[in-house]
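Secondary and tertiary structure notes
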Amino acid sequence: SGDRLRVSAQLIRVSDDSSVWSETYERRMADVFDVQDDITRRIVATMTRTLKVTSVDTPEPMAKPRNVEAYNDYLLGRYHWNKRTKAGLEEAAALFRRVIAADPEFAPAHSGLADTLAVMVSKWVGPPTLYPTALEAARRAVALDPASAELHAELAGFFARQNKAEDAVRVLLRWAGEDPA
């Protein structure tokens, strides 16, 4: 509402439908990324206690764009990407390009553009000439966030779809910290 954000999050035990944890956050919209990070930390802590594990790798916070509007465009782009229609994919590509223009260092936007263009080519709603741009966007995403398994897997998938298995394996080994020589 206006500049205020309210998020209610719950962790439910599926076996008996009981609540394990719940919290409501009320903050300024500008703090949305801090709220996401806080929710992630609290869920991991709760799961660690509930499952009685001694250590859990806390997930790294998602890369954040420089402004909330860019992040909203990114989320809207993913929404349209998931439609998998020609119009949805075209809208997604436009949104991801807009995010990249606003924040060229935001790796998920490059990844979203790569995903979108690749799907457009595979569904025959975009020309095959989009494929090199998609591959370059995937490479850029990995360069911006070299620790991301998701982005490396996406780049490896591009090579696999081109029957370049050795290149795909090389990308995955590089992410795993092994010398792919």
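Residues numbered from 1 in each chain as written. Predicted model: local features only at pLDDT ≥ 70, side-chain atom pairs only at ≥ 80, totals over all residues. Heavy atoms only, no water.

One finds Leu113, Leu117, Leu155 and Phe158 to be the most contacted residues of the largest nonpolar core, which totals 45 residues. Here the element with the most residues in this core is helix α4 (residues 107-122); it accounts for nine residues. Excluding anything up to four places from it in sequence, leucine 113 contacts Ala93, Phe96, Arg97, Ile100 and Ala137. (Core = buried A, V, L, I, M, F, W, Y, C linked by side-chain atoms within 4.5 Å. Buried < 20%, exposed > 50% of the residue type's maximum accessible area, 1.4 Å probe, protein only. Helix = DSSP H or I, 4+ residues; strand = E, 2+ residues; numbered from the N terminus. Contact = heavy atoms within 4.5 Å.)

The next thing to look at is the pairing of strand β1 (residues 4-13). Pairing geometry for β1 and strand β2 (residues 18-28), over ten bridges, is antiparallel. Note on β2: the bridge partner recorded for arginine 13 is serine 18. (Pairing = 2+ DSSP bridges.)

What follows covers unusual backbone geometry. Note: most residues except glycine have negative phi, and most peptide bonds are trans. We note that arginine 84 has phi near 60 degrees; this positive angle belongs to a residue other than glycine. Note that arginine 84 resides in the loop between α2 (68-83) and α3 (86-102). Arginine 84 gets classed as partly exposed once you look at its relative accessible area, which sits at 32%. The backbone phi angle of asparagine 163 is positive, close to 60 degrees, even though this residue is not glycine. Following the sequence through the fold, asparagine 163 ends up in the loop between α6 (149-161) and α7 (165-175).

Of note, alanine 153 is situated in helix α6. Expressed as a C-alpha distance, the spacing of alanine 153 and leucine 75, which sit 78 residues apart in the sequence, is 21 Å.

Enumeration over the complete set of coordinates arrives at four aromatic pairs. Their ring planes at 25 degrees and their centres at 6.4 Å tell us that tyrosine 71 and tyrosine 74 sit as a pair that is stacked. In this pair, tyrosine 71 and tyrosine 74 both sit in helix α2, three residues apart, roughly one turn of the helix. Considered together, tyrosine 71 and tyrosine 74 belong to a single accessibility category, that of buried residues. Within the aromatic cluster, the residues linked to one another by ring pairs are Tyr71, Tyr74, Phe96 and Phe106. One cation-aromatic arrangement involves arginine 78 over tryptophan 81; the distance from NZ or CZ to the ring centre is 4.9 Å. (Phe/Tyr/Trp six-rings, centres within 6.5 Å; stacked < 30°, edge-to-face > 60°. Lys NZ or Arg CZ within 6 Å of the ring centre and 35° of its normal.)

Turning our attention to helix α5 (residues 131-144). A rise of 1.5 Å per residue sets the reference length of α5, with its 14 residues, at 20 Å; its end C-alpha atoms lie 20 Å apart and thus fit the reference within 8%. Along α5, the positions that sit buried rather than exposed are Tyr131, Ala134, Leu135, Ala137, Ala138, Ala141 and Val142. Seen end-on, α5 carries its buried residues on one side only, within an arc spanning 160 degrees. When the buried face of α5 is taken as reference, the exposed residues oriented beyond 90 degrees from it are Pro132 and Ala143. (Expected span 1.5 Å × (residues − 1). Arc of directions from axis to C-beta.)

Their axes nearest at 8 Å, the elements α4 and α5 cross at an angle of 155 degrees. By the angle class used here, α4 and α5 are roughly antiparallel. In this structure, the crossing between α4 and α5 has a hand that is left-handed. When α4 is examined against α5, the residues Ala107, His110, Ser111, Leu113, Ala114, Leu117, Ala118 and Val121 are found in contact with a partner set consisting of Tyr131, Thr133, Ala134, Ala137, Ala138, Arg140, Ala141 and Leu144. In terms of residue class, the contact of α4 with α5 is made up of twelve nonpolar, three polar and one charged. (Axes fitted to C-alpha atoms, helices over the stretch in contact; angles between N-to-C directions. Parallel < 35°, antiparallel > 145°, perpendicular 65-115°, else oblique. Left-handed = near helix turned anticlockwise from the far one by under 90°. Nonpolar A, V, L, I, M, F, W, Y, C, P; charged D, E, K, R; others polar.)

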